[in-house]
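Letter by letter, the chains look like this.
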Amino acid sequence: EILVFLAMPRLMRHVSLAAILLTSFAAAVVRFLLIGWCVDATVLLLFAQVLHGLTFGAFHAASVAALNSWFARQHQARVQALYGSVSFGAGGMLGGLLAGQAWDTLGPGITFSAAAACAAGGGWLIWRKLPRGKAAMENG
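Residues numbered from 1 in each chain as written. Predicted model: local features only at pLDDT ≥ 70, side-chain atom pairs only at ≥ 80, totals over all residues. Heavy atoms only, no water.

1. Focus on the overall build of the chain
The secondary structure content of the chain amounts to 6 helices and 0 strands. Counting from the amino terminus, the chain carries its helices and strands in the arrangement α-α-α-α-α-α. Taking 14 Å as the expected radius of gyration for a compact globule of 140 residues, we find that the chain reaches 16 Å, a close match to that expectation. Principal axes of the C-alpha set define a box for the chain whose edges measure 45 × 30 × 30 Å. The burial tally for the chain puts 31% of its 140 residues in the buried class. Restricting the contact set of the chain to residue pairs at least 6 apart, pairs at least 24 apart contribute 71%. Within the structure as shown, the chain displays about 8,700 Å² of accessible surface, and the carbon and sulfur contribution to it stands at 71%. Distance between charge centres in the chain, computed from 9 positive and 4 negative side chains, equals 19 Å. (Helix = DSSP H or I, 4+ residues; strand = E, 2+ residues; numbered from the N terminus. Rg over C-alpha atoms; globule rule 2.2 N^0.38 Å. Buried < 20%, exposed > 50% of the residue type's maximum accessible area, 1.4 Å probe, protein only. Contact = heavy atoms within 4.5 Å. Areas by Shrake-Rupley, 256 points an atom, 1.4 Å probe, with all protein chains shown as cover. Lys, Arg positive; Asp, Glu negative; His and termini not counted. Charge placed at Lys NZ, Arg CZ, Asp CG, Glu CD.)

2. Regarding the state of the cysteines
Think of a disulfide as a covalent bridge from one cysteine sulfur atom to another cysteine sulfur atom. Scanning the entire structure with this criterion turns up 0 disulfides. Free of any disulfide, C38 has its nearest neighbouring cysteine sulfur in C118, separated by 19 Å. (Disulfide = S-S within 2.5 Å.)

3. Points about a nonpolar patch on the surface
On the surface, L33, W37, L106 and I110 cluster together to form a nonpolar patch covering roughly 410 Å² of accessible area. Secondary-structure assignment places L33 in helix α2 (residues 17–37). On the basis of relative accessibility, which here comes to 36%, the residue L33 falls in the partly exposed class. (Patch = residues over 30% accessible without salt bridge, like charges linked within 9 Å, V, L, I, M, F, W, Y side chains within 5 Å. Salt bridge = Lys/Arg side-chain N within 4 Å of Asp/Glu carboxyl O.)

4. Points about the packing of aromatic side chains
Considering all chains together, one arrives at 6 aromatic pairs under this definition. A centroid spacing of 5.8 Å and a plane angle of 80° characterise the contact between Y83 and F88, whose relative ring orientation is edge-to-face. Relative to F112, the ring of W103 has its centre 6.1 Å away and its plane inclined at 75°; by these criteria the two rings are edge-to-face. An aromatic cluster is built from F5, F56, Y83 and F88, whose rings are joined through pairwise contacts. (Phe/Tyr/Trp six-rings, centres within 6.5 Å; stacked < 30°, edge-to-face > 60°.)

5. Re the side chain of S63
Within the fold, S63 resides in helix α3 (residues 42–70). For S63, the side chain forms a polar contact with the main-chain oxygen of F59, separated by 2.8 Å. In contact with S63, other than residues within four places in its own chain, are L21 and Y83. (Polar contact = N/O pair within 3.5 Å; in protein donor to acceptor, adjacent residues only side chain to side chain.)

6. Regarding the layout of surface pockets
Rolling a probe over the atoms, with the probe sized like a water molecule, indicates the empty space that remains. In this model, the largest pocket occupies a volume close to 1,300 Å³. Around the largest pocket, the lining is made up of 34 residues, and of these F25, F32, F59, S87 and G91 lie nearest the centre. Looking at the lining of the largest pocket, the elements with two or more residues in it are α2, α3, α4 (76–106) and α5 (108–129). Residue classes in the lining of the largest pocket are distributed as 23 nonpolar, 10 polar and 1 charged. (1 Å grid on protein atoms, 1.4 Å probe; cavity = no way out; pocket = protein on both sides within 12 Å on 5 of 7 lines; lining within 4 Å. Points joined across faces, edges and corners; volume = space filled by probe spheres on them. Nonpolar A, V, L, I, M, F, W, Y, C, P; charged D, E, K, R; others polar.)

Have a look at this one:
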């Protein structure tokens, strides 16, 4: 995760935010499926944990960069606070409640598969809605 944060400024000069976010969501799909279904494969679980750096680190850095490009400087502190509150606060609470309920009723494999489906849905939204290519790098 820390290595991803260190590499992000350089990476964002060469790759669009949309591409970074798409890669992050694709890695999340793989990560959640590995964690949900490969609990007996230590090497795969270690790989899934390495993917956490990509899924969280790249997503967070690209999200912050996108917000900084979309909102004027004088609004960025409020936007960052709202982003953290909604995504980590409310989103984390709701996700934890739903995941706990799913875990109890459906089991871990299905719960992590549902998380993978949510990540795939997020990736699809990014693919459909954010511009890709050189212009996307310059305009956020």
